[in-house]
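Here's the letter readout for the chains.
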Amino acid sequence: MVIIALDFPNKEETINFLKKFDEPLWVKVGMELFYGCGPSIITDIKKLGHHIFLDLKLHDIPNTVKSAMKNLAKLDIDMVNVHAKGGIKMMSEALTAFDGMDKKPLVIAVTELTSTSQEMLSNELLCSTTMEKMVIKHALNAKEAGLNGVVCSPLEVKAIKEACGSDFITVTPGIRLKSNSVDDQVRITTPADARVLGTNFIVVGRPITKAEDPVSAYKQIKKDFMGE
Ligand code: C5P
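Presented here is an overview of the structure given in this document. Just so you know, these numbers come straight off a predicted model, no measurement behind them. (Residues numbered from 1 in each chain as written. Predicted model: local features only at pLDDT ≥ 70, side-chain atom pairs only at ≥ 80, totals over all residues. Heavy atoms only, no water.)

**Re the packing of aromatic side chains**
Within the structure shown, the criterion is met by 5 aromatic pairs. An aromatic cluster of at least three residues, connected via ring pairs, comprises F8, F17, F21 and Y218. (Phe/Tyr/Trp six-rings, centres within 6.5 Å; stacked < 30°, edge-to-face > 60°.)

**Thoughts on the site of the ligand**
Surrounding the ligand, one finds A5, D7, K28, T114, P173, R176, Q185, V203, V204, G205, R206 and P207. For the ligand, an oxygen atom lies 2.9 Å from a polar atom in the side chain of K28. The backbone of R206 places a nitrogen or oxygen atom 2.7 Å from an oxygen atom of the ligand. Relative to its free-state accessible area of 470 Å², the ligand is covered by the protein chains to the extent of 83%. Only β8 (201–204) and α10 (206–209) provide two or more residues apiece to the shell around the ligand. Tallied by class, the residues present in the shell around the ligand amount to 5 nonpolar, 3 polar and 4 charged. (Near = heavy atom within 4 Å. Polar contact = N/O pair within 3.5 Å; in protein donor to acceptor, adjacent residues only side chain to side chain. Areas by Shrake-Rupley, 256 points an atom, 1.4 Å probe, with all protein chains shown as cover. Helix = DSSP H or I, 4+ residues; strand = E, 2+ residues; numbered from the N terminus. Nonpolar A, V, L, I, M, F, W, Y, C, P; charged D, E, K, R; others polar.)

**Remarks on the packing of helix α1 (residues 11–18) against helix α3 (residues 40–47)**
At a minimum axis separation of 11 Å, α1 and α3 run at an interaxial angle of 15°. As far as their axial angle goes, α3 and α1 are roughly parallel. Between α1 and α3 lies a crossing whose hand is right-handed. When α1 is examined against α3, the residues K11, T14, I15 and L18 are found in contact with a partner set consisting of I41, D44 and I45. Residue composition of the contact of α1 with α3, grouped by class: 4 nonpolar, 1 polar and 2 charged. (Axes fitted to C-alpha atoms, helices over the stretch in contact; angles between N-to-C directions. Parallel < 35°, antiparallel > 145°, perpendicular 65-115°, else oblique. Left-handed = near helix turned anticlockwise from the far one by under 90°. Contact = heavy atoms within 4.5 Å.)

This is the structure:
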């Protein structure tokens, strides 16, 4: 699946963008849009028939995350995330917010942000292990907590699937076609390479949202990812 990152500042730009598409999409609503518009943006997007990944990366003490997630559970979302750094108890408490619901969203964990470098991990955060080992440990913790998968770099998918099993979902940003601008992304792959690496969802923002023709850019990326 291709998830379009709706990194827009307001409702008007978001809805104008979505109205160009005449098929159901997977879209990602992040902190900018959610905090700017409030929860009503979820209802507005849902009315257009799209699937929503709410990317708020919850991270606090277990009880607070559980209470916050209970509020998010009232929204009609299809995927939501927490930070794996909050630990196994925090992640499993987050899941309990959906107890008793017929239609539960996929709950996934952020491993290490792609803005965190090995240098930062070692010298700023005094973490004595390697980035790869840290990412795998976060993924194993998320699995133990009962989560459905993780957000990670496409380059980490293979190791995560080996450690956590092929059913464990990976959601990967950092995707560019060869013809696209790299922007500020560092470790990138093409949609086709992401498929070969075995990821389930790719998250793509600017190559679609900033394209002259967003619908054809989306179709091209989807085609490349699906291997059609
Ligand atoms: O425009 P672009 O395709 O780079 O957008 C990628 C999206 O994925 C953005 O919303 C960005 O915040 C998000 N993301 C990321 N790297 C991560 C986690 C999330 O690029 N590690």
